Amino acid sequence: MPLSRVEREQFLAEPHIAALAVDAGAGRGPLTLPIWYAYEPGGEVTVLTGVDSRKARLIKAAGRFSLMVERIEPTIRYVSVEGPVVGTTEGTREVLHGLAVRYLPAEKVDGYVAYALADHGEQIVFHMRPERWYSSDLGAL
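Summary of the structure given here.

The rules behind these values
- Residues numbered from 1 in each chain as written.
- Predicted model: local features only at pLDDT ≥ 70, side-chain atom pairs only at ≥ 80, totals over all residues.
- Heavy atoms only, no water.
- Helix = DSSP H or I, 4+ residues; strand = E, 2+ residues; numbered from the N terminus.
- Buried < 20%, exposed > 50% of the residue type's maximum accessible area, 1.4 Å probe, protein only.
- Contact = heavy atoms within 4.5 Å.
- Areas by Shrake-Rupley, 256 points an atom, 1.4 Å probe, with all protein chains shown as cover.
- Lys, Arg positive; Asp, Glu negative; His and termini not counted.
- Charge placed at Lys NZ, Arg CZ, Asp CG, Glu CD.
- Phe/Tyr/Trp six-rings, centres within 6.5 Å; stacked < 30°, edge-to-face > 60°.
- Arc of directions from axis to C-beta.
- Salt bridge = Lys/Arg side-chain N within 4 Å of Asp/Glu carboxyl O.
- Polar contact = N/O pair within 3.5 Å; in protein donor to acceptor, adjacent residues only side chain to side chain.
- Pairing = 2+ DSSP bridges.

The next point concerns the overall build of the chain. Regarding its fold elements, the chain presents 4 helices and 8 strands. Counted from the first residue to the last, the chain has its helices and strands arranged as α-β-β-β-β-α-β-β-α-α-β-β. Projected onto its principal axes, the C-alpha coordinates of the chain cover approximately 45 × 45 × 25 Å. Sorting the 141 residues of the chain into buried and exposed places 39% on the buried side. Of all intrachain contacts in the chain linking residues separated by at least 6 positions in sequence, the fraction that spans at least 24 positions is 70%. In the form shown here, the chain has an accessible surface area of approximately 7900 Å², with 54% of it arising from carbon and sulfur atoms. Taking the average place of the 15 positive charges on the side chains of the chain and the average place of its 18 negative ones, the gap between the two points comes to 5 Å.

In structure tokens:
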């Protein structure tokens, strides 16, 4: 059963690990990878990645991407969203910290941020405007 607009936006706003998919070019399946993301109902989806990563190059070339998040308890539920990239911003310490706070226990955040800043190189944030939504709650199967 499809979720209402409010239900799907609330679900996407929760800190799920997303599967990001982006066109990988002729003769290739889409590049699909797990990723942290941020979303607030009614807003844009944001993802952070390395400036020179394959993912960043493909998103720039395609101009759009999809995210899919799911859970299996207490009910089987998913939300998939696809849309155009409407902007990019610099991947700052503040952005990285905000994502880390969303996904990690408080005592792990500072250590992860220090590691990521030292190890991951220059980062970019892609802003996607949700254009197409797919969702379902299959109940407690």
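Further remarks concern the packing of aromatic side chains. This structure, assessed with the given rule, holds 4 aromatic pairs. With 4.9 Å between their ring centres and 10 degrees between their planes, tryptophan 36 and tyrosine 103 make a pair best called stacked. With tryptophan 36 in the loop between β2 (31-35) and β3 (37-38) and tyrosine 103 in helix α3 (residues 93-103), the pair connects residues that are 67 residues apart, well separated along the chain. Judged by relative accessible area, tyrosine 103 falls into the buried class, the value being 16%.

With that settled, the discussion passes to α3. Buried residues of α3: Leu96, Leu99, Ala100 and Tyr103, and no others. Taken end-on, α3 shows its buried residues confined to a sector of 100 degrees, consistent with a single buried face. Among the structural elements, β3, β4 (45-50) and α4 (106-119) are those in contact with the buried residues of α3.

With that settled, the discussion passes to unusual backbone geometry. With omega at 5 degrees, the peptide bond leading from glutamate 73 into proline 74 counts as cis. Looking at the secondary structure, you find proline 74 in the loop between β5 (64-71) and β6 (77-90).

With that out of the way, let us pick up the pattern of salt bridges. All chains considered together, the criterion is met by 8 salt bridges. Salt-bridge contacts for glutamate 9 lead to arginine 5; the nearest nitrogen and oxygen are separated by 3.5 Å. Highlighted residues: glutamate 9 and arginine 5, both in helix α1 (residues 5-13), separated by 4 residues, approximately one helical turn. Here arginine 129 ties to glutamate 131 by a salt bridge, and the two come within 3.8 Å at their closest N and O atoms. Residue classification places glutamate 131 among the partly exposed positions, given a relative accessible area of 38%. Taken together, the shared-partner salt bridges in this structure form one network comprising Arg64, Glu82, Arg129, Glu131 and Arg132.

Inspection of the secondary structure puts aspartate 137 in strand β8 (residues 132-137). Its relative accessible area of 15% is what places aspartate 137 among the buried residues. Note: C-alpha distance between aspartate 137 and glycine 98 (39 residues apart in sequence) is 29 Å. Filtering out sequence-adjacent residues up to four positions away, aspartate 137 remains in contact with Met1, Leu3, Arg71, Thr75, Ile76 and Arg77. Polar contacts involving the side chain of aspartate 137 include one to the side chain of threonine 75, which spans 3.0 Å. Polar contacts involving the side chain of aspartate 137 include one to the main-chain amide nitrogen of glycine 139, which spans 2.8 Å.

Strand direction decides the pairing type here: strand β1 (residues 18-22) and β5, joined by 3 bridges, are antiparallel. Each residue of the ladder has a partner; that of alanine 19, found in β5, is methionine 68. Sheet analysis places β5 next to β6, joined by 8 bridges and oriented antiparallel. By the bridge assignment for β6, glutamate 70 is matched with tyrosine 78. Connecting β5 to the next strand, β6, in antiparallel fashion are 5 residues.

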